[in-house]
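Residue-level listing of the chains:
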Amino acid sequence: MLCKHFPKCGGCQIQNLLYDKQIEYKINRFIDIFKREPDEVIKSPKIIYYRNRMDYVVGPNYEVGLKEYGKWYSYVNIDECFLQSPESNIIRNKFREFIINKNLKPWDTKNYTGFIRYIVIREGKFTNERIVNIITYKTDNLEYYKNIFFEFYNEIKNYINSFYWTINDTISDVSYGNINYLLYGEKYIKEKALDNFYYISTNSFYQPNSYTAEILLKYVREFTDPNENDIIYDLYSGSGFYAIEIGKYSNYVYAVDNNKENFEMFNLNKEINNVKSVKFLLSNVENLEKINADKIIVDPPRPGINKKVIRKILESNAKKIVYVSCYPETQKRDIDILINKGNYKLENIILVDQFPHTYHMETIALLSK
Ligand SMILES: C[S@@+](CC[C@H](N)C(=O)[O-])C[C@H]1O[C@@H](n2cnc3c(N)ncnc32)[C@H](O)[C@@H]1O
C-alpha cells in the first residue's frame, strides 16, 4: 500500500517499507533502546483500516485531514486514508464539502480566527458502531449552528450511531473541549475486546488499534497472572480496559486515572461486563498516598511514569509489575530505575505492532521479584 498522501502526511512515516521490513525496522529500534531483542514480536492482525479513532484537523484553506509530520501549520488535505475505514473517508470528505458549501469558516491556529476546528471519528471495529464529533470554536449562535450541523448529520446518518458537537473555546489546538452537545443518537458507542465490551465516549481513552488491543489485553492478563486474593493496581487505567478483565479473576482490583470521562465509561464497563469488585480512583496517580499492591499494571502516557509514582511503586514492594508502554524510550528509563533501585528482574518484554506504517510501537514488560 502506498497512499497518495505519503510522505507529506504525518499519519504514516514508514509506509514505503513492506510490512515485514517495517517490523524489522521496529525490532532494530527496540534493540537500539533496550540493548536486547524482544522476547516476542507480534504483528498487527490488520495493517490497513486498523485505527478506531481519527482526529481530522481543519486547515485555514478548508483542508480536512492531518498535519504534515512535525509541522504545526502545514495541513494535508486528505481524500483517501487507509488508517481508519472506507466510511471514515466518506464522512471526512462529505464534511469538507459541507463546510465549503455552507461557508463555515475554518479555525486558523496562527491568527486565532474562524470556527470549524476538527472532525473526530471513532468506531467500534467489532460492533460496527460509530461516533462523529465536530469540534468548533465558541459561538453566540448556538441554535443556528445546531440546525446547520443537523443538515450534515442527515448526510451521514446511515454511517453513524452518535453525533456530537464539542466547543473548544480556548486557543489550544486540541480536538476536545469542555462543552459537549449530543445532537443525535446514542450517548456512547461500544467496542469489544476478547469477551468484554467497552463503552467509548467522544474523548474517553481506548487503545487506538482494536485488533492489537485484544492482544495487549491477553498478554496483560497472562503476565499479571491474577489470583483471587491478589491486590492489583491498574495505574493510568483509562476506562478500565485491563482492570475489568483482571477483575474477573481477582477480588481487589483498583483502577486509577485522572480523567472524568474515563471514570464515567469505567462505571458502564463494570456494569456491562458484570465485574463488580473493581474500584476506580479518580485521581492523579502521583497523588495516591500509598500503593498497597501485590501486583501492579502500569500504562502511562508518553512521558512515562512520574518520579513520585516510581517511588511509590518501589515502596509498594509489589512482586510483579506489568508495564505497558507506547513510548519505549521512557519505558526503558523507568525499567532501569525499577531494576536498579527495586531489585526487579525483567522477565519478559514483547513488542506489539500497534501502529502499522508508523514508527510507533507498543511494548509490554513483565518485571518481578
Ligand atoms: C496510555 S493511556 C492508558 C489507558 C489504559 N491503560 C487502556 O489501555 O485503555 C494513559 C492514561 O493515563 C491517564 N493519565 C495521564 N496522566 C495521568 C495522571 N497523572 N494520573 C492519572 N492518570 C493519568 C490518561 O487519562 C489515560 O487514560
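Just so you know, these numbers come straight off a predicted model, no measurement behind them.

S.K.: Would you mind going over the sheet that holds strand β3 (residues 64–67) with me for this structure?
M.R.: Hydrogen bonding along the main chain pairs the strands of a sheet, whether they run parallel or antiparallel. The seven strands lie next to each other as β4-β3-β2-β5-β6-β7-β8, forming an open sheet whose pairing is mixed. The open sheet terminates on both sides in strands that have one partner only, identified here as β4 (75–77) and β8 (179–185). Here the average twist between neighbouring strands, direction ignored, is 30°. Pairing between strand β6 (residues 129–136) and strand β7 (residues 162–167): six bridges, direction parallel. Paired with T136 across the bridge in β7 is I167. Across the sheet, helix α2 (residues 86–101) touches β2 (53–58), β3, β4, β5 (116–124) and β6, and the angle it forms with β5 is around 160°. Packing against the sheet, helix α3 (residues 142–156) makes contact with β5, β6, β7 and β8, and its axis sits at approximately 145° to β7.

S.K.: What is the right way to read the UniProt feature "binding site: S-adenosyl-L-methionine" (unreviewed entry) in the protein chain from this model?
M.R.: Those residues carrying the UniProt feature "binding site: S-adenosyl-L-methionine" (unreviewed entry) are Q207, Y236, D257 and D299 in this numbering. Counting through the fold element by element, Q207 comes out in the loop between β10 (196–200) and α4 (210–224). Excluding its chain neighbours within four sequence positions, the residues that come into contact with Q207 are N52, A213, L216, F241, Y242, D299, Q354 and E362. Within the secondary structure, D257 is located in strand β12 (residues 252–257). Non-local contacts of D257, meaning those with residues more than four positions away in its chain, are made with Y236, S237, G238, N262, F280, L281, L282 and S283. Among the polar contacts listed, one links the side chain of D257 to the backbone nitrogen of S237, at a separation of 3.4 Å.

S.K.: Even after reading the chapter, I still don't get the environment of I313, so can you show me in this structure?
M.R.: As for its placement among the helices and strands, I313 is situated in helix α7 (residues 307–316). C-alpha separation for the pair I313 and G342, spaced 29 residues apart in sequence, amounts to 8.9 Å. Among residues more than four places away in sequence, those in contact with I313 are L235, I291, I296, I305, A318, I321, L338 and Y344.

S.K.: Help me out: how do you make sense of the UniProt feature "active site" (unreviewed entry) in the protein chain in this one?
M.R.: This chain's UniProt record puts "active site" (unreviewed entry) on C326. Looking at where C326 falls in the secondary structure, it is placed in the loop between β15 (320–325) and α8 (328–342). Given the relative accessible area of 21%, C326 is considered partly exposed.

S.K.: Looking at this model, I keep getting lost on the packing of aromatic side chains. Mind explaining?
M.R.: Counted according to the given criterion, the structure contains 31 aromatic pairs. On the numbers, 5.8 Å between centres and 75° between planes, the contact of Y219 with F223 is edge-to-face. Linking Y219 with F223, this pair stays in helix α4, spanning four residues, or about one helical turn. Overall, Y219 belongs to the buried group, its relative accessible area being 8%. Site record: aromatic cluster; members linked through ring pairs are F95, F98, F150, F152, Y153, F163 and Y184. Between K146 and the ring centre of Y181, over which it is positioned, the NZ or CZ distance is 4.2 Å. For the cation-ring pair, K369 lies above Y344, with the distance from its terminal atom to the ring centre recorded as 4.5 Å.

Quick notes on the rules
Residues numbered from 1 in each chain as written. Predicted model: local features only at pLDDT ≥ 70, side-chain atom pairs only at ≥ 80, totals over all residues. Heavy atoms only, no water. Pairing = 2+ DSSP bridges. Helix = DSSP H or I, 4+ residues; strand = E, 2+ residues; numbered from the N terminus. Axes fitted to C-alpha atoms, helices over the stretch in contact; angles between N-to-C directions. Contact = heavy atoms within 4.5 Å. UniProt positions renumbered as here; feature names shortened; annotations may be inferred. Polar contact = N/O pair within 3.5 Å; in protein donor to acceptor, adjacent residues only side chain to side chain. Buried < 20%, exposed > 50% of the residue type's maximum accessible area, 1.4 Å probe, protein only. Phe/Tyr/Trp six-rings, centres within 6.5 Å; stacked < 30°, edge-to-face > 60°. Lys NZ or Arg CZ within 6 Å of the ring centre and 35° of its normal.

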